[in-house]
Amino acid sequence: MAASRNLASFRLPPLPTVGELIKLYNLRAEKQLSQNFLLDLKLTDKIVRQSGNLRQAHVCEVGPGPGGLTRSILNAGAADLLVVEKDARFIPGLKLLSEAAPGRLRIVHGDILTYRIDRGFPAHISKRWEEDPPNFHIIGNLPFSVSTPLIIKWLENMANRTGPFVYGRTQLTLTFQKEVAERLTASTGSKQRSRLSIMAQYLSTVRNCFTIPGRAFVPKPEVDVGVVHFTPLVQPQIQHPFKLVEKVVRNIFQFRRKHCHRGIEKLFPEACRIELTQEMMQKADVDPTLRPAELTIPHIRALVDAYAHLCTHEPSLLSYEFREELGVKQLARKRNAPMDTATGM
Ligand code: SAM
């Protein structure tokens, strides 16, 4: 009884519906900003429930737009909600919401790709990394056009405990194109297993919560949408710098259908390619005929360990990039110039 009274005190007073607000402010969806709105509050409530208990929580919402998800976050009891919206047309509607929830909604007109979340919240909400996650959440129905670069940036932040992760193991609840959501959560051996699966899963527990059919959005996007929840792991499954892990994983997955040694070879300059690949595979004790999608995270960890070991003996390997060498060769071929093998140019 007392609990339901408490929850009632968080709830917003009667307001125009999200659909009415869209009409009132003439908020036509801009394709360029990947705007597809959710008007059904039952659905936005369901997304918000995936983040867990938001009572008295601090929350950052990405791209609130006309504010459907924003209302659900406030109704769930968030004490401090900061929204970051790029499109100025939505600011008046968000101000209306802010007046209905005094002191609980802060509005930033800005770009989430450059906004400094690490400066947006008070230091006292922080928890040590080893503790339970802080009562701080990131939630967003992300624009498709920024969702992949944004999650890659945030995974790197997670590895370095920067950005949203200066507060501890901040949980993320985000939407992606269904296909990207499936890649993020794909298990070993599955068709969707990719670079993104490894990068997300070595750092966090990733859950594909549910799929929202495209028809639930206004306007309807071409694809369905997946809601994904991330909780950073106390101990990442691979203990090397993010960039190093990313380099090994990127090379492994560049030839998805071939044996994994084919991608691994490309970590090394041509002159020592065969020899160092053999050494790396043996050191890692990984079967070179496995396909990239068949590799488990422990396999990848062993491969990154072995590559890092080779790099400590030969630090110049770290800066070697097959694609750059390829580019130089192609340029030389185009110009039909004889190539100096010593310099590669
Ligand atoms: N959250 C709203 C909803 O669920 O109905 C809107 C979702 S819509 C898919 C994406 C929103 O993100 C739009 O409001 C768009 O203007 C905003 N947006 C696009 N790029 C952004 C960026 N780089 N930073 C912040 N907001 C952005």
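Further up the page is the structure itself.
Everything quoted here is computed from the prediction, not taken from an experiment.

Draft legend 1. Representation of unusual backbone geometry. With an omega dihedral of -10°, the bond running from Val218 to Pro219 counts as a cis peptide bond. Topologically, Pro219 is positioned in the loop between β8 (217-218) and β9 (225-232). The backbone phi angle of Gln56 is positive, close to 60°, even though this residue is not glycine. Residue position: Gln56 is located in the loop between α3 (41-49) and β2 (58-62). Gln56 gets classed as partly exposed once you look at its relative accessible area, which sits at 49%.

Draft legend 2. Fine view of the site of the ligand. Residues in close proximity to the ligand total 20 residues, the closest being Gln35, Leu38, Gly63, Glu85 and Asn141. Burial of the ligand by the surrounding chains reaches 99%, relative to a free accessible area of 590 Å². Its residues assigned to classes, the shell around the ligand comprises 8 nonpolar, 7 polar and 5 charged.

Draft legend 3. Structural detail: the packing of helix α9 (residues 242-252) against helix α12 (residues 297-313). Orientation of α9 relative to α12, taken along the N-to-C sense of each, is 115°, at an axis distance of 10 Å. Taken together, the axes of α9 and α12 lie roughly perpendicular to each other. Crossing angle aside, the handedness with which α9 passes α12 is right-handed. Of the residues in α12, those in contact with Leu244, Val245, Lys247, Val248, Val249 and Ile252 of α9 are Ile300, Leu303, Val304, Tyr307 and Ala308. Here the contact of α9 with α12 is built from residues that sort into 10 nonpolar, no polar and 1 charged.

Draft legend 4. Summary view of the environment of Leu74. Structurally, Leu74 is set in helix α4 (residues 68-75). C-alpha separation for the pair Leu74 and Ala57, spaced 17 residues apart in sequence, amounts to 9.8 Å. Ignoring anything within four residues of it in the chain, the contact list for Leu74 reads Phe10, Leu12, Leu81, Ala101, Arg104 and Leu105.

Draft legend 5. Up close: the sheet that holds strand β7 (residues 204-212). Judged by pairing direction, the sheet is mixed, and its 7 strands sit side by side in the order β4-β3-β2-β5-β6-β9-β7 without closing on themselves. Taken across any chain shown, the strands that pair with only one partner, and hence form the sheet edges, are β4 (105-109) and β7. Averaged over all neighbouring strand pairs, the angle between strand axes comes to 20°, with direction disregarded. For β2 and strand β3 (residues 80-85), the ladder comprises 5 bridges, and the chain directions are parallel. The residue of β3 that forms the bridge with Val62 is Val84. Packing against the sheet, helix α5 (residues 91-100) makes contact with β3 and β4, and its axis sits at approximately 165° to β4. Lying over the sheet, helix α7 (residues 178-185) contacts β6 (171-177), β7 and β9, oriented at roughly 130° with respect to β6.

Draft legend 6. Structural context of the packing of α3 against α4. For the pair α3 and α4, the least separation of the axes is 8 Å and the interaxial angle reads 60°. The angle between α3 and α4 places the two elements in the oblique class. You can see that α3 and α4 cross each other, and the crossing is right-handed. Between α3, through Leu41, Thr44, Asp45, Ile47 and Val48, and α4, the contact on the second element is made entirely by Gly68, Leu69, Arg71, Ser72 and Ile73. Along the lines of polarity and charge, the residues of the contact of α3 with α4 split into 5 nonpolar, 3 polar and 2 charged.

Draft legend 7. Main features of the side chain of Ser197. Among the structural elements, Ser197 can be located in helix α8 (residues 195-201). Separated by 2.8 Å, the side chain of Ser197 and the backbone nitrogen of Ser194 make a polar contact.

Draft legend 8. Inspection of helix α6 (residues 144-160) at higher detail. Taking 1.5 Å as the rise per residue, α6 with 17 residues should run 24 Å; its terminal C-alpha atoms sit 25 Å apart, in good agreement. When α6 is considered as a whole, its buried residues turn out to be Phe144, Val146, Ser147, Leu150, Ile151, Trp154, Leu155, Asn157 and Met158. Positive backbone phi, at 55°, marks Arg161, one or two positions downstream of α6.

Draft legend 9. Just the side chain of Asp87, in detail. Position of Asp87 among the secondary structure elements: in the loop between β3 and α5. Other than its neighbours up to four places away in sequence, Asp87 contacts Glu30, Leu33, Gln35 and His109.

Draft legend 10. The arrangement of the pairing of β2 in detail. When you tally the buried positions in β2, you get 5 out of 5 residues, the bulk of the element. Judged by which residues are buried, β2 turns out to be covered on both faces: His58, Cys60 and Val62 on one side and Val59 and Glu61 on the other are all buried. Between the parallel pair β2 and β3, the chain is carried across by α4, and the sense of this crossover is right-handed. Across 5 bridges, the pairing between β2 and strand β5 (residues 136-140) is parallel.

What counts as what
Counting from 1, residues in each chain are numbered in the order their sequence is written. Totals for whole chains, interfaces and linings use all residues, but because this is a predicted model, local features are given only for residues with pLDDT of at least 70 and pairs of side-chain atoms are given and counted only at 80 or more. Hydrogen atoms and water are omitted, and side-chain values are computed over all heavy atoms in the structure. By definition, any uninterrupted DSSP run of H or I lasting at least four residues is a helix, any uninterrupted run of E lasting at least two residues is a strand, and each is numbered from the N terminus. Only protein chains enter the accessibility calculation, which uses a 1.4 Å probe. A residue is then buried if its area is under 20% of the maximum for its type, exposed if over 50%, and partly exposed in between. Near, as used in this document, describes a residue that has one of its heavy atoms within 4 Å of the molecule or strand being considered. Computed with a 1.4 Å probe, the accessible areas rest on the Shrake-Rupley method; for each residue, only the protein chains presented here act as cover. Three categories are distinguished: nonpolar for Ala, Val, Leu, Ile, Met, Phe, Trp, Tyr, Cys and Pro, charged for Asp, Glu, Lys and Arg, and polar for the others, with Gly belonging to the last. In this description, a line fitted to the C-alpha atoms serves as the axis of each element, helices being fitted only across the stretch in contact, and the angle between N-to-C directions of two axes falls anywhere from 0 to 180 degrees. An angle below 35 degrees is treated as roughly parallel, one above 145 as roughly antiparallel, one from 65 to 115 as roughly perpendicular, and anything else as oblique. In this scheme, a crossing is called left-handed if the near helix is turned counterclockwise away from the far one by less than a right angle; it is called right-handed if the turn is clockwise. Residue contacts follow a heavy-atom distance rule, with two residues in contact if any of their heavy atoms lie within 4.5 Å. Strands were regarded as paired on the criterion that DSSP finds at least two bridges between them. In the analysis that follows, any N or O atom pair within 3.5 Å is treated as a polar contact, provided that within protein one partner can donate a hydrogen and the other can accept it, and provided that, for residues neighboring in sequence, both atoms belong to side chains. Multiply 1.5 Å by the residue count of a helix minus one, and that product is the helix's expected span. If you view a crossover with the strands going away from you and the path from the first strand over the helix to the second runs clockwise, you call it right-handed.

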